[in-house]
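Observations on the three-dimensional arrangement
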Amino acid sequence: MLKEYLECGRIVTTHGVRGEVKVEPWCDGPEFFLDLDTLYWDKEGARPCRLQQARVHKQMALLKLEGIDSLDQAVPCRGKILYVRREDVPMEEGQCFVQDLIGLRVVDGDDGREYGVLTQVTETGANDVYHIRFADGKERLIPAIPQVVLDIDLEEERMTIRPLEGLFDDED
């Protein structure tokens, strides 16, 4: 089941004396925050917080959040997780959130054999790398490229792959 509210970053410290906070982005990058209007203090969306200003500084997002107007008000926010509502983020066809991928069953596209569960996604620059935890407890890595990843079905919680020759040779 897809979560409506997703973790998008963590407030790591304050910035200046006017209540800005520095956020470590847990998304595509600090630019992600530039087009947002509202963030949330909780994963249920019960506590919205308007985003008054956002800018990028040294791979971090500097945010001015409504109701936080001084250093004294910003200090208690350190360490807090910020959330974004899924429908507030424009997505292109075929795109999905990394959080949606974690936990997917990974199956073979030819014989339907189940390899394991996707546990982590690593960004490498050229392409992402998917970490799969096999039933024997071993972790194997696959490149997130069209030649390997055939289909991602979030509703069925399944990723269908066709491993490149030699990719899983150590399993026999």
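Just above sits the structure.
First, a word on scope: everything that follows refers to the structure included in this document. Along every chain, residues carry numbers that run from 1 in the direction the sequence is written. Where local features are concerned, this predicted model is filtered to residues with pLDDT of at least 70; where side-chain atom pairs are given and counted, the filter is 80 or more; whole-chain, interface and lining totals use all residues. To obtain the side-chain values, all non-hydrogen atoms of the structure were used and water was disregarded.

**A look at the packing of aromatic side chains**
How two aromatic rings sit relative to each other is set out by the distance from centre to centre and by the angle between their planes. Only rings of Phe, Tyr and Trp enter the pairing, Trp through its six-membered ring, and a pair is recorded when the two centres are within 6.5 Å. The plane angle decides the type: under 30 degrees is stacked, over 60 is edge-to-face, the rest tilted. Under the defined criterion, the tally for this structure stands at three aromatic pairs. Ring geometry for Tyr5 and Tyr40: centres 4.9 Å apart, planes at 65°, overall edge-to-face. Of this pair, Tyr5 sits in strand β1 (residues 5–15) while Tyr40 sits in strand β3 (residues 38–40); the two residues are 35 residues apart in sequence, bridging distant segments of the chain. As far as the burial class goes, Tyr5 and Tyr40 line up, both buried. Note on Phe32 and Phe33: the rings are 5.6 Å apart at their centroids and 90° apart in plane angle, and the pair reads as edge-to-face. Relative accessibility under 20% of the residue-type maximum defines a buried residue, over 50% an exposed one, and the middle range a partly exposed one, all with a 1.4 Å probe and only protein chains included. Judged by its relative accessible area of 18%, Phe32 falls in the buried class. Helix and strand assignments follow DSSP, with helices taken as H or I runs no shorter than four residues and strands as E runs no shorter than two, numbered in order from the N terminus.

**Structural notes on the nonpolar core**
Throughout, nonpolar core names a set of buried Ala, Val, Leu, Ile, Met, Phe, Trp, Tyr and Cys residues whose side chains join them through atoms within 4.5 Å. Phe33, Leu39, Leu63 and Leu65 are the most contacted members of the largest nonpolar core, which has 22 residues in total. At the level of elements, β1, β2 (20–25), β4 (48–57), β5 (60–65) and β6 (81–85) are the ones that each hand at least two residues to this core. Excluding its chain neighbours within four sequence positions, the residues that come into contact with Leu65 are Ile11, Val21, Leu39, Trp41, Cys49, Arg50, Leu51 and Gln52. Counting 15 residues, the second largest nonpolar core, distinct from the first, contains Val106, Val121, Met159 and Phe168. The contact rule is simple, with two residues in contact once any of their heavy atoms fall within 4.5 Å.

**Side note on the pairing of β2**
In summary, the side chains of a regular strand alternate between the two faces of the sheet. Here six bridges tie β1 to β2, and the two strands are oriented antiparallel to one another. Residue pairing across strands places Gly9 opposite Pro25, the latter belonging to β2. The pairing criterion for strands is at least two bridges between them, as found by DSSP. Hairpin geometry of β1 and β2 is characterised by an intervening segment of four residues between the two adjacent antiparallel strands and by a positive phi of about 75° at Gly16.

**A short note on unusual backbone geometry**
The backbone of Lys58 shows a phi angle near 50°, a positive value even though the residue is not glycine. Within the fold, Lys58 resides in the loop between β4 and β5. For Glu157, which is not a glycine, the phi torsion comes out positive at approximately 55°. Tracing the sequence through the fold places Glu157 in the loop between β11 (149–153) and β12 (158–161). With a relative accessible area of 39%, Glu157 lands in the partly exposed category.

**Quick word on the layout of surface pockets**
The volume enclosed by the largest pocket comes to roughly 1100 Å³. Along the wall of the largest pocket there are 35 residues; nearest its centre are Asp28, Met91, Cys96, Phe97 and Val98. Elements supplying a minimum of two residues to the lining of the largest pocket: β1, α2 (98–101), β8 (114–123), β9 (128–134) and β11. Considered class by class, the residues forming the lining of the largest pocket number 23 nonpolar, six polar and six charged. With a 1 Å grid laid over protein atoms only, a set of points is called a cavity when a 1.4 Å probe fits there but cannot get out and a pocket when it is open yet has protein on both sides within 12 Å along at least five of seven lines; lining residues have an atom within 4 Å of a point. Grid points are joined across faces, edges and corners, and a volume is the space filled by probe spheres set on the points. For this classification, the nonpolar set comprises Ala, Val, Leu, Ile, Met, Phe, Trp, Tyr, Cys and Pro, the charged set comprises Asp, Glu, Lys and Arg, and every other residue, Gly included, is treated as polar.

**Observations concerning the state of the cysteines**
Note on terminology: pairs of cysteine sulfur atoms within 2.5 Å are recorded as disulfides. Enumeration according to the criterion identifies zero disulfides in this entry. Summary of cysteine pairing: Cys8 is not part of a disulfide, and the nearest cysteine sulfur, belonging to Cys27, is at 5.9 Å. Here Cys8 falls in the buried class, since its relative accessible area comes to 1%. The cysteine Cys96 is free of any disulfide, with Cys27 supplying the nearest cysteine sulfur at 15 Å.

Honestly, it's all geometry; don't read function into it.
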